[in-house]
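Survey of secondary and tertiary structure
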Amino acid sequence: MKGLAGLIAVLVLGALVMAFTKPTEADFKAALEARLLARIDAADPEAAADPVEAILLATCKLGRVQCAQLIRSLIALDYEDKVLFSRAEVRLGDTDSATCIGAFTRIFCTER
């Protein structure tokens, strides 16, 4: 019986830790901004096959923060606060989307 009570106590403690360390909506927005900046930094305008895309990438590299803000304004982020974790659906238009789960101060995303 002691083993069962100990297991229940560990599970309850784990649930409390999860509940108090799940990322907030502001955390999701900050992570999205960081990922946008990282993608802008990693983009290679010279590798773009489309000349218009190359010009846009080069322009984004010149004003990366402003470019990230512009792209961010086009992205819909639907945040859901669950009891033990948080979830966000990130969409850019009708085609690109990602589902992100936040737990233990970490955010994990899968793109579709």
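Residues numbered from 1 in each chain as written. Predicted model: local features only at pLDDT ≥ 70, side-chain atom pairs only at ≥ 80, totals over all residues. Heavy atoms only, no water.

What to know about the packing of aromatic side chains
To keep it simple, the criterion reads: Two rings from Phe, Tyr or Trp (for Trp, the six-membered ring) form a pair when their centres sit within 6.5 Å of each other. Planes less than 30 degrees apart are called stacked, planes more than 60 degrees apart edge-to-face, and all others tilted. Numbering goes from the N terminus for both helices and strands, where a helix is a DSSP run of H or I of at least four residues and a strand is a run of E of at least two. Note on exposure labels: buried denotes an accessible area under 20% of the residue type's maximum, exposed denotes more than 50%, and partly exposed covers the range between, all computed with a 1.4 Å probe on protein chains only.
Taken as a whole and assessed by the stated rule, the structure comprises 1 aromatic pair. For the ring pair F28 and Y79, a centre distance of 5.6 Å and an interplane angle of 65° mean the geometry is edge-to-face. Of this pair, F28 sits in helix α2 (residues 25–42) while Y79 sits in strand β1 (residues 75–81); the two residues are 51 residues apart in sequence, bridging distant segments of the chain. Taking the relative accessible area as the measure of exposure, F28 reaches 4% and is therefore buried. Residue Y79 is classed as partly exposed on the basis of its relative accessible area, which comes to 23%.

Considerations on the layout of surface pockets
Put simply, the rule is: Throughout, the protein atoms alone are placed on a 1 Å grid, and a set of points is a cavity if a 1.4 Å probe fits but cannot get out or a pocket if it is open with protein on both sides within 12 Å along at least five of seven lines; lining residues have an atom within 4 Å of a point. Grid points are joined across faces, edges and corners, and a volume is the space filled by probe spheres set on the points. Think of it as three bins: nonpolar holds Ala, Val, Leu, Ile, Met, Phe, Trp, Tyr, Cys and Pro, charged holds Asp, Glu, Lys and Arg, and polar takes everything else, Gly as well.
In this structure, the largest pocket encloses a volume near 610 Å³. L32, L36, R39, I75 and E111 are the residues nearest the centre of the largest pocket, which is lined by 24 residues in total. Those elements that place two or more of their residues in the lining of the largest pocket are α2, α3 (51–62), β1, β2 (86–92), β3 (96–103) and β4 (106–111). The greatest single-element share of the lining of the largest pocket, amounting to 7 residues, is contributed by α2. For the lining of the largest pocket, a count of residues per class yields 17 nonpolar, 1 polar and 6 charged.

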